[in-house]
Amino acid sequence: MENETRTKNKFWKGMLVGSLVTAFAILLVVGIAAGISLIGHSVIGSGSRFSSVGMKDAGDEDSLDLDFVNRKLQVLKALIDRDFLFEENIDGEAMETGIYKGMLEALGDPYTVYYTSDEYKALTEETEGVYCGIGALVSQNMETGVVTILRVFKNSPAEEAGVQKGDIILKVNDVEYNEMDLDMLVSQEIRGEEGTWVDILFQRGDEQLTLHIERRQVEATTVEYQMLEQNTGYIMVSQFEIVTSEQFINAIDDLVDQGMEQLIIDLRDNPGGVLSSTVEMAAYILPEGQWDGMIVSTADKNGHGFVYYSEDGEIRYASNSGDEDDPAYPKEDGHELDMPIVILVNGNSASASEVFSGALQDYGVAKLVGTTTFGKGIVQGLVPLTDGSAVKLTISHYYTPSGFDLHSKGLTPDVEVELEIPEDIDLTLGLSLDQDNQVQAALETLGVR
């Protein structure tokens, strides 16, 4: 009886959602639910102005009457306690979680999600590029829910098990891909303790296959580079982790030392990630002076936002909303890369990839080659609540230096080229740069061919 009372009390704790929202900080998210690097480390404000998110004036016909909701919930709970046949299925905590998740799902925004305290802990593991998992980059189509393998890392458990780019995840252990938020599917089901195994059901063409994959410590190499013909540097960036900016800068410096005269940056299938890395990478290339040095800016529904920009040899941050400054800035940046640049993009190049590409395209220092990008021009704020849970909310649009809002539109390439895969290519061995017609188009754009 005591346990039953405790469960019922737990169900009602924090029923008024507004009273819970005393946030400690908001973490910036510029990814597309890739499952690997979605949570940035830029503190962009306190939670005080979010204490009544979603609640409008009582006179508004679209307002949420919490007093009425609370009374109705009490009636429903009384009916369950009195009449529900399967009493063993009653779980107060699960019902409470369902209320919060349902409330946010009703907003119709796939990027707005409620996380329990356990989910939040799993979600906020440091995105430093080292984790215990299978070594694959995944992305979810927000319209269909389909989860696809974008990249398999070299020498990873996924590669050893035979996972291929383009494989569609149907089920992880007994969890179907559409039963939970992709971030949670990855952090709670695909990742795990080192040495444990996970069974993943894939769709590959007309075939379904289950692969038994070991979880191991994986250090994702987010930047790979090489020198191509006629002193053309090639840098592939798979995602934007905390470690990516340093890897990218080192790659540029090494290629310059080797005599690089023009550069191809490959952001195809890059779903985004940590904004701070993106800003530092763009600043390392861009000149100062144009667009007031702006790299990216944001604005919420009230016109409040922030901007990252370069000035006097520094990367700087400014906010017009009264929020505290980002303590990580200013950062030193007196570098500029003055040479022809092409950025390869496609429909899976999203968020942070679009921030980077849009900035370089606006400044006229790079041409985009490939296909139109994904078009995610919105920012999510991760708001921790006082009970250990958290809410991820879409809070603002971001804009390229010229003020372009790319959301739902994407960036249009300067040179439109669809990827063509020769019929005689064995994709299990990968597509070499010589066989990649988009890479060849990039070389032609640079005047190498």
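Residues numbered from 1 in each chain as written. Predicted model: local features only at pLDDT ≥ 70, side-chain atom pairs only at ≥ 80, totals over all residues. Heavy atoms only, no water.

(A) How the structure looks around the nonpolar core. Judged by nonpolar contacts, the single largest core of 45 residues is most densely connected at Phe 248, Ile 285, Ile 343 and Phe 356. Top contributing element to this core by residue count: helix H9 (residues 275–285), with 7 residues. Apart from residues no more than four positions distant in its own chain, Phe 248 is found in contact with Val 223, Ile 235, Val 237, Ile 265, Met 281, Ile 285 and Phe 356. Of all hydrophobic cores here, the second largest spans 21 residues; its members include Ile 169, Val 175, Tyr 177 and Leu 211. (Core = buried A, V, L, I, M, F, W, Y, C linked by side-chain atoms within 4.5 Å. Buried < 20%, exposed > 50% of the residue type's maximum accessible area, 1.4 Å probe, protein only. Helix = DSSP H or I, 4+ residues; strand = E, 2+ residues; numbered from the N terminus. Contact = heavy atoms within 4.5 Å.)

(B) Looking closely at the pattern of salt bridges. On inspection of all chains with the given rule, the structure shows 14 salt bridges. When the shortest N-O distance is used, the salt bridge between Asp 83 and Arg 82 registers 2.9 Å. Accessibility expressed as a relative area gives 63% for Arg 82, which makes it exposed. For Arg 216, the salt bridge goes to Glu 214, with nearest N and O atoms at 3.6 Å. The structure contains a network of salt bridges with shared partners spanning Glu 311, Asp 312, Glu 314 and Arg 316. (Salt bridge = Lys/Arg side-chain N within 4 Å of Asp/Glu carboxyl O.)

(C) Main features of the sheet that holds strand S12 (residues 232–237). Here 6 strands make up an open sheet; going across it, the order is S11-S12-S13-S19-S20-S23 and the pairing mixed. Every other strand in the sheet has two partners, leaving strand S11 (223–228) and strand S23 (415–416) as the edge strands with one partner each. Strand direction decides the pairing type here: S12 and strand S13 (residues 262–266), joined by 5 bridges, are parallel. Bridged to Gly 233 within S13 is Leu 263. In this fold helix H8 (residues 244–257) packs onto S11, S12 and S13, with an angle of close to 15° to the strand it touches most, S11. Helix H11 (residues 437–445) rests against S11, S12, S13, strand S19 (341–345), strand S20 (367–370) and S23 of the sheet, and its axis sits at about 150° to S20. (Pairing = 2+ DSSP bridges. Axes fitted to C-alpha atoms, helices over the stretch in contact; angles between N-to-C directions.)

(D) Spatial organisation of unusual backbone geometry. A cis amide bond links Tyr 329 to the next residue, Pro 330, at an omega of 10°. Along the chain, Pro 330 falls in the loop between strand S17 (314–319) and strand S18 (331–332). Look at Asp 269: it is not a glycine, yet its phi comes out positive at around 65°. Of note, Asp 269 is situated in the loop between S13 and strand S14 (272–273). A relative accessible area of 5% means that Asp 269 is categorised as buried. The backbone of Ser 351 sits at a positive phi, close to 55°, despite the residue not being glycine. Mapped onto the fold, Ser 351 is located in the loop between S19 and helix H10 (352–362).

(E) Representation of the pairing of strand S4 (residues 136–140). A large share of S4 lies buried, amounting to 5 of its 5 residues. With burial as the criterion, each face of S4 is covered, one bearing Ala 136, Val 138 and Gln 140 and the other bearing Leu 137 and Ser 139. In this structure, S4 lies alongside strand S5 (residues 147–152), joined through 5 bridges in antiparallel fashion. Bridging across to S5, Ser 139 finds its partner in Thr 148.

(F) Seen up close, helix H7 (residues 182–190). A large share of H7 lies buried, amounting to 8 of its 9 residues. Listed as buried for H7 are Leu 182, Asp 183, Met 184, Leu 185, Val 186, Ser 187, Glu 189 and Ile 190.

(G) Representation of the confidence of the model for the protein chain within the structure. Of the residues in the protein chain, 82% have a pLDDT of 70 or more, and the chain-wide mean is 84. A low-confidence stretch, residues 33–59 (pLDDT under 50), is modelled with 92 contacts involving residues beyond four sequence positions or located in other chains. (pLDDT = per-residue confidence, 0-100.)

(H) Main features of the side chain of Gln 380. For Gln 380, the location among the structural elements is in strand S21 (residues 378–384). One polar contact links Gln 380 to Lys 376, side chain to side chain, over a distance of 2.7 Å. Only 2.8 Å separates the side chain of Gln 380 from the side chain of Thr 394, close enough to count as a polar contact. (Polar contact = N/O pair within 3.5 Å; in protein donor to acceptor, adjacent residues only side chain to side chain.)

(I) Focus on the packing of aromatic side chains. Counted under the stated rule, the structure contains 8 aromatic pairs. Joined through ring pairs, the aromatic side chains of Phe 306, Tyr 308, Tyr 317 and Tyr 329 make up one cluster. Taking the ring centre of Tyr 329 as reference, the NZ or CZ of Lys 331 above it sits at 5.1 Å. The positively charged end of Lys 376 is found above the aromatic ring belonging to Tyr 111, 4.8 Å away from the centroid. (Phe/Tyr/Trp six-rings, centres within 6.5 Å; stacked < 30°, edge-to-face > 60°. Lys NZ or Arg CZ within 6 Å of the ring centre and 35° of its normal.)

(J) The arrangement of the pairing of strand S15 (residues 294–299) in detail. Within S15, 6 of the 6 residues are buried, which leaves it mostly tucked inside the rest of the structure. Once S15 ends, the chain turns through 6 residues before running back antiparallel as strand S16 (residues 306–311), passing Gly 303 with a positive phi of about 85°. Strand direction decides the pairing type here: S15 and strand S22 (residues 390–399), joined by 3 bridges, are antiparallel. Paired with Thr 298 across the strands is Tyr 398, a residue of S22.

(K) Geometry of the environment of Tyr 309. For Tyr 309, the position within the fold is in strand S16. Considered as a pair, Tyr 309 and Met 294 are 15 residues apart in the sequence and their alpha carbons are 4.1 Å apart.

(L) Fine view of the packing of H9 against H10. Across the interface, H9 lies against H10 with an axial gap of 9 Å and an inter-helix angle of 20°. What the angle tells us is that H9 and H10 run roughly parallel. As H9 packs across H10, the resulting crossing turns out to be right-handed. Across the interface between the two elements, Leu 275, Thr 278, Met 281, Ala 282 and Ile 285 from H9 touch Ala 352, Val 355, Phe 356 and Leu 360 from H10. When its residues are assigned to classes, the contact of H9 with H10 shows 8 nonpolar, 1 polar and no charged. (Parallel < 35°, antiparallel > 145°, perpendicular 65-115°, else oblique. Left-handed = near helix turned anticlockwise from the far one by under 90°. Nonpolar A, V, L, I, M, F, W, Y, C, P; charged D, E, K, R; others polar.)

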